[in-house]
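# Remarks on the overall topology
If you want the building blocks of each chain, they are given just below.
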Amino acid sequence: MYNISLNGHWKMSEVNKQDWLDVKVPGSVMNDLLLNGKIIDPFYRDNEDHAFEVALKNYKYSRSFEVTEEILEQDEVVILFKGLDTIAEITLNDAKIAETNNMHRTYELNVKEQLKLGTNKLTVILYSPINFIKEKQDQLPLWGVVDAVEGYPHIRKGHSMFGWDWGPKIPDLGIWRSVSLLAWSNSRINDVYVTQSHIKNKVIVNLKVKLEKKLQKIVNIVVKLTDPKGNTITKSVASKRIEETIYLDVLNPQLWWPNGYGEQPLYKIEVLLEDGDQILDQIDFKIGLRIIKVKHEPDQWGKSFEFEVNGISLFAMGANYIPEDNILARNSKERTEQLIKDCVEANFNMIRIWGGGNYPDDNFFDLCDQYGLIVWQDFMFACSEYALTEEFKETVVQEVIDNVKRIRHHACLGIWCGNNEVEEAWVYWGISADPKHKGDYIKLFEFIIPELLKELDPETFYWSSSPSSGGSFVEPRNPNAGDMHYWEVWHGLKPFTDYREYFFRFCSEFGFQSFPSLKTIEAFTLPEDRNIFTYVMEKHQKNGAANGKILFYLSENFLYPKDFDSLLYTSQLLQAEAIKYGVEHWRRNRGRCMGSLYWQLNDCWPAASWSSVDYYGRWKALHYYAKKFYSPILLSVEERGANADIYLTNDSLTDLVCRVMWKLRTNTSEVLQEGTTTATIAKLSAQKIECLDFTDILTEEMKRSTYLECKLFLSGEWISSSSILFTKPKHFKFLNPQLEIEVKETDATFETYVRSKSFAKYIELELSRVDCKFSDNYFDLSAGDVRRITVNKESISEVLDFETFCSQLKIRSIYDIVGGVL
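Residues numbered from 1 in each chain as written. Predicted model: local features only at pLDDT ≥ 70, side-chain atom pairs only at ≥ 80, totals over all residues. Heavy atoms only, no water.

## Thoughts on the overall build of the protein chain
Heads up, the rule is: A run of DSSP states H or I qualifies as a helix once it reaches four residues; a run of E qualifies as a strand once it reaches two. Both are numbered from the N-terminal end. Radius of gyration here is computed from C-alpha atoms only, and the compact-globule reference equals 2.2 Å multiplied by the residue count raised to the power 0.38. Note on definitions: a residue-residue contact is assigned when non-hydrogen atoms from the two residues lie within 4.5 Å. All accessible-area figures derive from a Shrake-Rupley calculation using a 1.4 Å probe, and residue coverage is judged against the displayed protein chains alone. The charged-residue count follows a simple rule in which Lys and Arg add positive charge and Asp and Glu add negative charge, with His and chain termini not counted at all. Note that the charge is assigned to NZ on lysines, CZ on arginines, CG on aspartates and CD on glutamates.
Helix and strand counts for the protein chain stand at 16 helices and 45 strands. Relative to the 2.2 N^0.38 estimate, which gives 28 Å for 822 residues, the radius of gyration of the protein chain is 28 Å and therefore close to what a compact globule would have. Nonlocal contacts in the protein chain, meaning residues at least 24 apart in sequence, comprise 70% of its contacts between residues at least 6 apart. As displayed, the protein chain has an accessible area near 31700 Å², and 47% of this comes from carbon and sulfur atoms. Within the protein chain, one finds 94 positive and 118 negative side-chain charges whose respective centroids are separated by 2 Å.

Structure follows, in structure tokens:
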């Protein structure tokens, strides 16, 4: 097998022009123009409009490559495009060899007849996706979300590239994944499908190996399996058949577990096709030995929806993932790995790949394997109406085949889901009255895709839509069966406490917006833009009603902030508190509810959004909160009026003896009442351990100056704390905490000690000019307490000496947002 990369140096120009630019493939038009100084940053101020104009034009990419006699002598020669975005015409030596219409597909083109000895010229013409969908929409209007360019459901391209209520209208185009020339004779490996049979102390690994075509002579199919310690099992089969199944016994297997439940050992598999001493073809990949099931079964509350891994039912904790950049060429392995590490640090065990973007590349799944994040994988359909023409059906079928074969072997893969919110849209949104398109929905998501999966990956659970109770338009919002998207908090302006009225079986989407940090806003604005209602700030707020919603919730909960930066900070507190209310409630009801995936994890550009990690990788308050409310051992308090119930949730695999100390304090931190509760909490369970009734002491006036402090201890060690108000923060009589900071330096860290002279809530630490990640942030302190916050020097974006670190260190609490006047 010859495998010649055609990545690297290409030329790019607008069609009908000859001003060729030197560019690199994989890449994209927007990124190439940006790197060559032909356009300005599309994310800066209102430059999005200029980028949209770029996408109205057609572009061509071209390169030359050499072909030897050895290549021409091979029986088969193909060019493999792993990703073309999207409407393209491909020519080789001026002969058209293909047209493409799907960025999610792989295209393998037979070019043996077009190749010649010596220099060959490959050209790709990319046509404007905007002009394409406009023409299609004029012919057949299809419903889609109002924040995107009309007509986007006609094209198999990441929907959100055309705009969403958190993303810009920058539908980039390009050769976005690798290109290569493959040549071979006799045969090659067409496909390897791996399944597992788990028996006590043994796993049988089954490999179904398919070859390209029937062999003319006997060859060896060799399979090597190497365990995490480097021990190898090898099996060889002599065959001339097109398909062979090979079994490998793994004794005393090391099981793969999600983050928080165990380790993530991976086994390397090498499949070789050999003719004597010659290797004709080879495929390598890694697997984890595990069983993942989704239980959707009748029970006392309705019908369950929970993930079971190696026989353990886990509470899914995580968020929804969107594309990391609207300009896909700016993605990097390092950036993705940092995002996955951020998930692990916040105690995620699951990540949902939302259906309005694109299928991540192999590196993403490798990282989820490595770090232990179960992947909920949507197919790339979201919030839209689709016309199942023959052309559309043909390309979607191949899209499913390509991506299922590519992804299915990964240990992290937990579920295939047909789409995001399309079933719900048909039932509740009134998207269309066309019975044909509604029938097309059933054909595509409840027949075509699941039938393909029965053949390609029957081991992985399929769910036709999210949210759903099981399909066929039957109550997709049924809170007692299946998964749920809940948006009454936020879109419906319901209070945070409204989450506590619902006991969803699995909440796969719910969210609350905030603004990013001032550092992020400074990256795309000028000083005169820094008001949330300026033109530029509103260009970076894609949900038209969102600023009003943020201010509504602010008015319900906090006093009005003194300045722009304080408003940003307060918006993040609102977001974090909202999501905390939901997650803690559902985790208190573990067993009935078995999953919480908030919307959303990340951003595709710098903007106001529902993310917990912004475009530049900066943690918002929500992500620091997630680290706490997704902690395996969770202390939570449910306050109602003058009462407070203390809960412990134990998502570990060990029974725990815990001690909780509680104190009812005044705003000066004077103790009014106190007590200690010790309880044994069974593994994988939640339990109410204390009911506190303060009716006799908490008058309406006292509520405004009294709080409850709870501290959790495990084996005598402090684990976490929770401070509960009995009134809205805007009505609480906060005193000046006179926060004090002391910093000590070690070789690897800056240790920051924070003290308070009275009760301080929502304490935030930051460095004024550089980025830094604190071990904890957004915490509360009672008078006299000391909190140590660690900063690893390697987490700071610049090397800082002790004096510079101290001079940049800033601190504030809720007392400071109105200038200390409370």
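## Looking at the side chain of Thr460
Applied cut-off: Only protein chains enter the accessibility calculation, which uses a 1.4 Å probe; a residue is then buried when its area is under 20% of its type maximum, exposed when over 50%, and partly exposed in between.
Looking at the element boundaries, Thr460 is found in the loop between helix H9 (435-456) and strand E29 (462-463). On the basis of relative accessibility, which here comes to 11%, the residue Thr460 falls in the buried class. Ignoring sequence-local partners within four residues, the contact set of Thr460 consists of Leu413, Gly414, Ile415 and Trp416.

## Points about empty space enclosed by the protein
Rolled over the atoms, a probe as big as a water molecule pinpoints where empty space is left. Selection rule: Cavities and pockets were defined on a 1 Å grid built from protein atoms only: a cavity is a group of points that admits a 1.4 Å probe but offers it no way out, a pocket is an open group of points flanked by protein on both sides within 12 Å along at least five of seven lines, and a lining residue is one with an atom within 4 Å of any such point. Grid points are joined across faces, edges and corners, and a volume is the space filled by probe spheres set on the points.
In the structure shown here, the tally under the stated rule is 2 cavities of 30 Å³ or more. By volume, the largest cavity amounts to about 60 Å³. As for the largest cavity, its lining consists of Ser384, Glu385, Tyr386, Leu388, Phe392, Val422, Trp426, His437, Asp440, Tyr441, Leu444 and Phe445. For the lining of the largest cavity, the secondary structure elements donating two or more residues are helix H8 (422-429) and H9. The greatest single-element share of the lining of the largest cavity, amounting to 5 residues, is contributed by H9.

## Some thoughts on unusual backbone geometry
Looking along the chain, the bond that leaves Val25 and enters Pro26 is cis, with omega of 0°. Relative to the helices and strands, Pro26 is located in the loop between strand E3 (21-25) and helix H1 (29-35). A cis amide bond links Asp85 to the next residue, Thr86, at an omega of -5°. One can find Thr86 in the loop between strand E5 (76-81) and strand E6 (87-92). With a phi close to 60°, Asn201 is a non-glycine residue in the positive phi region. Tracing the chain through its elements places Asn201 in the loop between strand E13 (189-199) and strand E14 (202-211).

## Notes on the packing of aromatic side chains
Heads up, the condition is: Ring pairs are drawn from Phe, Tyr and Trp, using the six-membered ring of Trp, whenever the two centres fall within 6.5 Å, and their geometry is named by plane angle: stacked under 30 degrees, edge-to-face over 60, tilted for the rest. In this analysis the charged atom, NZ for Lys or CZ for Arg, is taken to sit over a ring once it is within 6 Å of the ring centre and within 35 degrees of the ring normal.
For the structure shown, the criterion picks out 59 aromatic pairs. Both rings, one in Trp166 and one in Trp354, keep their centres 5.3 Å apart while their planes meet at 70°; by these two values the pair is edge-to-face. Of this pair, Trp166 sits in the loop between strand E10 (162-164) and strand E11 (167-169) while Trp354 sits in the loop between strand E26 (350-353) and helix H6 (362-371), and the two are 188 residues apart along the sequence. Aromatic ring contacts, followed pair by pair, group Trp487, Trp490, Phe496, Phe512, Phe552, Tyr553, Tyr581 and Trp610 into a single cluster. Sitting over the face of the ring of Tyr753, Lys744 holds its NZ or CZ atom 5.3 Å from the ring centroid.

## Here we look at the pattern of salt bridges
To keep things clear, this is the line we draw: Any Lys or Arg side-chain nitrogen located within 4 Å of an Asp or Glu carboxyl oxygen qualifies as a salt bridge.
A complete count under the given rule lists 52 salt bridges for this structure. In this structure, Arg45 and Asp529 form a salt bridge, with 2.8 Å as the shortest nitrogen-oxygen distance. Here the residue Arg45 occupies a position in the loop between H1 and helix H2 (48-54), and Asp529 occupies one in the loop between helix H10 (518-522) and helix H11 (535-539), the gap between them amounting to 484 residues. Residue Lys711 pairs with Asp785 through a salt bridge whose shortest N-O separation is 3.3 Å. Placement of Lys711 in strand E38 (residues 706-714) and of Asp785 in the loop between strand E43 (779-781) and strand E44 (786-792) is noted, with a sequence separation of 74 residues between them. Put simply, Asp41, Asp325, Arg330 and Arg335 are held in one network by salt bridges that share partners.

## What to know about helix H14 (residues 621-629)
For H14, the buried fraction is high: 7 of the 9 residues fall into the buried class. For H14, the complete set of buried residues consists of Ala621, Leu622, His623, Tyr624, Tyr625, Ala626 and Phe629. Against the buried residues of H14 lie helix H5 (333-345), helix H13 (564-588), strand E32 (595-598), strand E33 (633-640) and strand E42 (760-767).

## Looking at the state of the cysteines
Here is the rule: Any two cysteine sulfur atoms lying within 2.5 Å of each other are counted as a disulfide.
This structure, assessed with the given rule, holds 0 disulfides. Take Cys691: it sits in no disulfide, and the sulfur closest to it among the cysteines is that of Cys710, at 12 Å.

## Quick look at the nonpolar core
Here is the rule we go by: Side-chain atoms within 4.5 Å link the members of a nonpolar core, which is a set of buried Ala, Val, Leu, Ile, Met, Phe, Trp, Tyr and Cys residues.
In terms of nonpolar packing, the biggest core is built from 208 residues, with Ile79, Phe81, Phe307, Phe348, Ile351, Phe379 and Tyr598 touching the most fellow members. In terms of residues, this core owes the most to one element, H13, which gives 12 residues. Among residues more than four places away in sequence, those in contact with Ile79 are Leu6, Phe65, Leu92, Tyr107, Glu108, Leu109, Val111, Leu122, Val179, Ser180 and Leu181.

## Points about the sheet that holds strand E4 (residues 59-67)
This is how it is decided: Any two strands between which DSSP finds at least two bridges are classified as paired. For helices, the axis comes from a line fit to the C-alpha atoms of the stretch in contact; other axes are also lines fit to C-alpha atoms, and the angle between any two N-to-C directions lies between 0 and 180 degrees.
A sheet is described by the order of its strands in space; here 6 strands give the open sequence E3-E2-E4-E9-E6-E7, paired in antiparallel fashion. In the strand order of this sheet, the two ends are held by E3 and strand E7 (95-101), each with one partner. With direction set aside, neighbouring strand axes in the sheet form an average angle of 30°. Here E6 runs beside E7; their pairing, made up of 6 bridges, is antiparallel. The partner of Glu89 across the bridge, within E7, is Glu99.

## Thoughts on H6
A large share of H6 lies buried, amounting to 7 of its 10 residues. Of all the positions in H6, only Asn363, Phe364, Phe365, Leu367, Cys368, Asp369 and Tyr371 are classed as buried. Each element contacted by the buried residues of H6 is listed here: strand E25 (316-321), H5, E26, strand E27 (374-378) and helix H7 (390-407). Looking one or two places after H6, you find Gly372, whose phi comes out positive at around 85°.

## Re a nonpolar patch on the surface
Stated formally: Patch membership requires over 30% relative accessible area and the absence of a salt bridge. Like charges are linked within 9 Å, and nonpolar side chains (Val, Leu, Ile, Met, Phe, Trp, Tyr) within 5 Å.
Together, Val427, Tyr428 and Trp429 make up a nonpolar patch on the protein surface, roughly 240 Å² of accessible area in all. Relative to the helices and strands, Tyr428 resides in helix H8.

## Topic: the sheet that holds strand E34 (residues 643-650)
What the 3 strands build is an open sheet, ordered E33-E34-E37; its pairing is antiparallel. Each edge of the sheet is formed by a strand with only one pairing partner; in this case those strands are E33 and strand E37 (685-693). Within this sheet the neighbouring strands show an average axis-to-axis angle of 20°, counted without direction. Bridging between E34 and E37 involves 8 bridges; their strand directions are antiparallel. Directly across from Asp645, in E37, lies its bridge partner Cys691. H13 rests against E33, E34 and E37 of the sheet, and its axis sits at about 105° to E33.

## Quick notes on the packing of H5 against H6
Counted only if it meets this: By the definition used in this description, the sense in which the near helix is turned from the far one sets the handedness, with an anticlockwise turn below a right angle giving left-handed and a clockwise turn giving right-handed. Only Asp, Glu, Lys and Arg are considered charged, only Ala, Val, Leu, Ile, Met, Phe, Trp, Tyr, Cys and Pro nonpolar, and every remaining residue, Gly among them, polar.
The contact between H5 and H6 brings their axes to 10 Å, and the two run at 30°. The two elements H5 and H6 meet at a crossing, and its hand is right-handed. Taken together, the residues of H6 that come into contact with H5 (itself represented by Lys333, Thr336, Glu337, Ile340, Lys341 and Val344) are Asn363, Phe364, Leu367, Cys368, Gln370 and Tyr371. Within the contact of H5 with H6, the residues separate by chemical class into 6 nonpolar, 3 polar and 3 charged.

## Description of the packing of H7 against H9
The contact between H7 and H9 brings their axes to 11 Å, and the two run at 40°. Taken as a pair, H7 and H9 cross one another with a handedness that is right-handed. Of H9, the residues touching H7 (which contributes Phe392, Lys393, Val396, Val397, Val400, Ile401, Val404 and Lys405) are Leu444, Ile448, Ile449, Leu452, Leu453 and Leu456. Across the contact of H7 with H9, the residue classes break down as 12 nonpolar, no polar and 2 charged.

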